[in-house]
Amino acid sequence: GAGVSQSPSNKVTEKGKDVELRCDPISGHTALYWYRQSLGQGLEFLIYFQGNSAPDKSGLPSDRFSAERTGGSVSTLTIQRTQQEDSAVYLCASSRQGLEAFFGQGTRLTVV
Amino acid sequence: GDSVTQMEGPVTLSEEAFLTINCTYTATGYPSLFWYVQYPGEGLQLLLKATKADDKGSNKGFEATYRKETTSFHLEKGSVQVSDSAVYFCALSDSGYSTLTFGKGTMLLVSP
């Protein structure tokens with residue numbers, strides 16, 4: 001079917017507000033990843049879901065960041081009390097276990 | 001921890017010129033190595049991969065060889081086209097296609 005879908009494509013928020021970013025993975029893909037792409041930092045791993053296993057949260061930069069994956073499908077990345085340094089493109093990817101990851105086009109977050 | 005270093009860009013070439021984008025890595029064990037490409041306005045796409053020493057990955061005229069002795073995975077193309085203009089990311093994974101550690105990306109600009 002369709003590729004990895006992320007929404008919104010762009011989000012502008014005020015400093016201190018909470019934001020939710022959504023990712024719809026490719027149907028049947030058991031693995032889901034979130035990465036952050038920011039100027040000067042490149043692509044950073046945030047969190048990894050694999051099936052029903054506990055997620056690998058080792059890349060989350062602070063406790064303001066959290067993510068969940070409902071029903072093994074859609075995932076939401078939540079950033080609480082946004083800061084200007086959170087401005088970045090947030091990329092989601094999904095894969096069948098052990099196979100190539102397919103990336104969405106990302107959500108561009110701007111914190112003003 | 002794991003890290004990937006790639007040459008800073010932008011790399012500016014004329015059409016039909018030879019391309020090399022350098023990539024070196026630091027990792028424990030024997031990682032899998034990847035090149036991803038991000039065309040303007042599009043998501044990340046896997047360009048090529050190599051999973052063990054001396055493997056050569058190739059796709060769309062691009063090649064890269066996994067060199068364990070120099071911990072390198074340089075991307076090459078014999079004759080670039082304007083349509084190759086994009087940002088190229090070198091990446092590694094400690095376990096097959098699992099979570100990726102990316103370099104900061106190299107922008108390639110090809111002029112007619």
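Residues numbered from 1 in each chain as written. Chains lettered and ligands numbered in written order. Predicted model: local features only at pLDDT ≥ 70, side-chain atom pairs only at ≥ 80, totals over all residues. Heavy atoms only, no water.

Undergrad: Could you clarify how one ought to interpret the overall build of chain A in this entry?
TA: Broken down by element type, chain A carries 0 helices and 10 strands. For chain A, the α and β elements follow one another from N to C terminus as β-β-β-β-β-β-β-β-β-β. Here the C-alpha atoms of chain A give a radius of gyration of 13 Å, agreeing with the 13 Å that 2.2 N^0.38 yields for 112 residues. With the C-alpha coordinates aligned to their principal axes, the bounding extent of chain A is approximately 35 × 25 × 25 Å. The burial tally for chain A puts 47% of its 112 residues in the buried class. Partitioning the intrachain contacts of chain A with sequence separation of at least 6 by distance along the chain shows that 54% fall at a separation of at least 24. Here chain A displays about 5,600 Å² of accessible surface, and carbon together with sulfur accounts for 44% of that area. Computing the positive centroid from 11 side-chain charges and the negative centroid from 11, chain A places the two 2 Å apart. (Helix = DSSP H or I, 4+ residues; strand = E, 2+ residues; numbered from the N terminus. Rg over C-alpha atoms; globule rule 2.2 N^0.38 Å. Buried < 20%, exposed > 50% of the residue type's maximum accessible area, 1.4 Å probe, protein only. Contact = heavy atoms within 4.5 Å. Areas by Shrake-Rupley, 256 points an atom, 1.4 Å probe, with all protein chains shown as cover. Lys, Arg positive; Asp, Glu negative; His and termini not counted. Charge placed at Lys NZ, Arg CZ, Asp CG, Glu CD.)

Undergrad: Teacher, can you tell me more about the environment of Thr13 of chain A here?
TA: All names here are of chain A. Relative to the helices and strands, Thr13 resides in strand β2 (residues 10-13). C-alpha separation for the pair Thr13 and Gln84, spaced 71 residues apart in sequence, amounts to 9.7 Å. Apart from residues no more than four positions distant in its own chain, Thr13 is found in contact with Val19, Thr82, Leu109, Thr110, Val111 and Val112.

Undergrad: I would appreciate a short explanation of the packing of aromatic side chains in the present structure.
TA: Pairs of aromatic rings are described using the distance from one ring centre to the other and the angle between the two planes. With the rule as written, the count across this model stands at 12 aromatic pairs over all chains. Ring centres 6.2 Å apart and planes at 85° place the aromatic pair Phe89 of chain B and Phe102 of chain B in the edge-to-face group. You can see Phe89 of chain B sitting in strand β10 (residues 86-93) and its partner Phe102 of chain B sitting in strand β11 (residues 101-102), a full 13 residues away along the chain. Judged by relative accessible area, Phe89 of chain B falls into the buried class, the value being 1%. Exposure remark for Phe102 of chain B: the relative accessible area of 7% places this residue in the buried category. Taken together, Tyr33, Tyr35, Phe45, Tyr48 and Phe103 of chain A together with Phe34, Tyr36, Phe89 and Phe102 of chain B form an aromatic cluster joined through their ring pairs. (Phe/Tyr/Trp six-rings, centres within 6.5 Å; stacked < 30°, edge-to-face > 60°.)

Undergrad: Would you explain the interface of chain B and chain A in this entry?
TA: Frequently, the measure chosen for interface size is the accessible area that the parts lose on association. With 15 residues of chain B at the contact, the number on the chain A side is 17 residues. Across the chain B to chain A interface the summed buried area is about 1,300 Å²; carbon plus sulfur atoms make up 59%. Counting across the chain B and chain A interface gives 2 residue pairs in polar contact (both at pLDDT 80 or more). When contributions to the side of chain B that touches chain A are tallied by element, the ones reaching two or more residues are β5 (32-38) and β6 (44-50) of chain B. (Buried area = accessible area lost by both parts, 1.4 Å probe. Polar contact = N/O pair within 3.5 Å; in protein donor to acceptor, adjacent residues only side chain to side chain.)

Undergrad: Honestly, the sheet that holds strand β7 (residues 75-79) of chain A in this entry has me stumped. Any pointers?
TA: Hydrogen bonds between backbone groups are what pair the strands of a sheet, and the pairing can be parallel or antiparallel. Residue and element names in this part refer to chain A. If you walk across this open sheet you meet the 4 strands as β1-β3-β7-β6, and the pairing is antiparallel. Sheet topology places β1 (5-7) and β6 (65-69) at the edges, where each strand pairs with a single neighbour. Adjacent strand axes in the sheet meet at a mean angle of 15°, parallel and antiparallel pairs treated alike. (Pairing = 2+ DSSP bridges. Axes fitted to C-alpha atoms, helices over the stretch in contact; angles between N-to-C directions.)

Undergrad: What should I look at first to understand the nonpolar core in this one?
TA: Most often, soluble globular proteins keep nonpolar side chains buried together rather than apart. Residue and element names in this part refer to chain B. By size, the foremost hydrophobic cluster in this structure holds 26 residues, and its most contacted members are Leu19, Trp35, Leu47, Leu48, Phe73, Leu75 and Tyr88. Of all elements in the fold, only β2 (11-14), β3 (19-21), β4 (23-26), β5, β6, β8 (62-65), β10 and β12 (106-111) reach the threshold of two or more residues within this core. Ranked by the residues each element gives to this core, the list is headed by β10, at 4 residues. The residues contacting Phe73, other than those within four sequence positions of it, are Cys23, Leu33, Phe34, Trp35, Leu48, Lys49, Ala50, Ala64, Thr65, Tyr66 and Cys90. (Core = buried A, V, L, I, M, F, W, Y, C linked by side-chain atoms within 4.5 Å.)

Undergrad: How should I be thinking about the environment of Cys23 of chain A in this particular structure?
TA: Residues and elements named next belong to chain A. One can find Cys23 in strand β3 (residues 19-24). Distance in space between the C-alpha atoms of Cys23 and Thr76 is 6.3 Å, their sequence separation being 53 residues. Setting aside anything within four residues of it in sequence, one finds Cys23 in contact with Val4, Ser5, Leu32, Trp34, Val74, Ser75 and Cys92.

Undergrad: Any chance you could explain the side chain of Gln38 of chain B here in plain terms?
TA: Tracing the backbone shows Gln38 of chain B in strand β5. Non-local contacts of Gln38 of chain B, meaning those with residues more than four positions away in its chain, are made with Gln37 of chain A together with Gly43, Leu44, Ala86, Val87 and Phe89 of chain B.

Nothing here speaks to function; it is all geometry.
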